[in-house]
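An overview of the molecular structure
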Amino acid sequence: MKSKSTTQLLKDAWKVFSTWIRNRDSLNGGGNCITCGTWVRVPSLQAHAGHFIHGKYKTTYFLEKNVHLQCRSCNYFKDGARDVYALKLIEKYGDGIIQELHAVNKPKKVNKPKKWTRQELKEIIGKYK
């Protein structure tokens, strides 16, 4: 049996992680968008796991504090509504959260994207499955 590529493992990891995020942020079949507060049914096409700091090649891609339930409108059409997202993160986690997320995302080498290893992705899948 051929093992999965890193690209496929990344997709699998995102699938289980984003499902976990949507479930974490919902109760009784739905939850509120972190940015606009709209109630969305989970699961549904309207329920997204939206990042504050975008990008699958950043170290914050699978960071729980960086990803929350968001409605499709805020995540997709408003590019994450990051101005409001920042305010909501500060409300939820405290004053230093934005700096904390950016500090985590600092690459060891400038302009070098995070390359997820097969082992890291397998661990993420195992943790959030």
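An account of the accompanying structure is given in this report.

Each value, and the rule that gives it
Residues numbered from 1 in each chain as written. Predicted model: local features only at pLDDT ≥ 70, side-chain atom pairs only at ≥ 80, totals over all residues. Heavy atoms only, no water. Helix = DSSP H or I, 4+ residues; strand = E, 2+ residues; numbered from the N terminus. Buried < 20%, exposed > 50% of the residue type's maximum accessible area, 1.4 Å probe, protein only. Contact = heavy atoms within 4.5 Å. Polar contact = N/O pair within 3.5 Å; in protein donor to acceptor, adjacent residues only side chain to side chain. Expected span 1.5 Å × (residues − 1). Arc of directions from axis to C-beta.

Quick notes on the environment of Asn66
Relative to the helices and strands, Asn66 resides in the loop between strand S3 (47–51) and strand S4 (67–71). Residue classification places Asn66 among the buried residues on the basis of a relative accessible area of 0%. Once residues lying within four places of it in the same chain are set aside, the contact partners of Asn66 are Gly50, His51, Phe52, Ile53, Thr60, Tyr85 and Leu101.

Concerning the side chain of His68
Mapped onto the secondary structure, His68 falls in strand S4. Polar contacts involving the side chain of His68 include one to the side chain of Tyr93, which spans 2.9 Å. Residues within four places of His68 in sequence aside, it is in contact with Ile21, Arg24, Asp25, Ile34, His48, Ala49, Gly50, Tyr85, Leu89, Lys92 and Tyr93.

Re helix H3 (residues 82–93)
Its twelve residues place the ends of H3 16 Å apart at the C-alpha level, agreeing with the 16 Å of an ideal helix rising 1.5 Å per residue. If you check which residues of H3 are buried, you get Tyr85, Ala86 and Leu89. In an axial view of H3, the angular spread of the buried residues amounts to 100°, which keeps them on one side of the axis. Set apart from the buried face of H3 by more than 90 degrees, the exposed residues are Asp83, Leu87 and Glu91. The inward-facing, buried residues of H3 contact S3, S4 and helix H4 (97–104). One or two residues past the end of H3 sits Gly94, with phi positive at roughly 110°.

Observations concerning the environment of Tyr61
The residue Tyr61 is located in the loop between S3 and S4 in this model. Using a relative accessible area of 10% as the deciding quantity, one classes Tyr61 as buried. Each residue touching Tyr61, except ones within four places of it in the same chain, is listed here: Leu10, Trp14, Phe17, His51, Gly55, Lys56, Val67 and Trp116.

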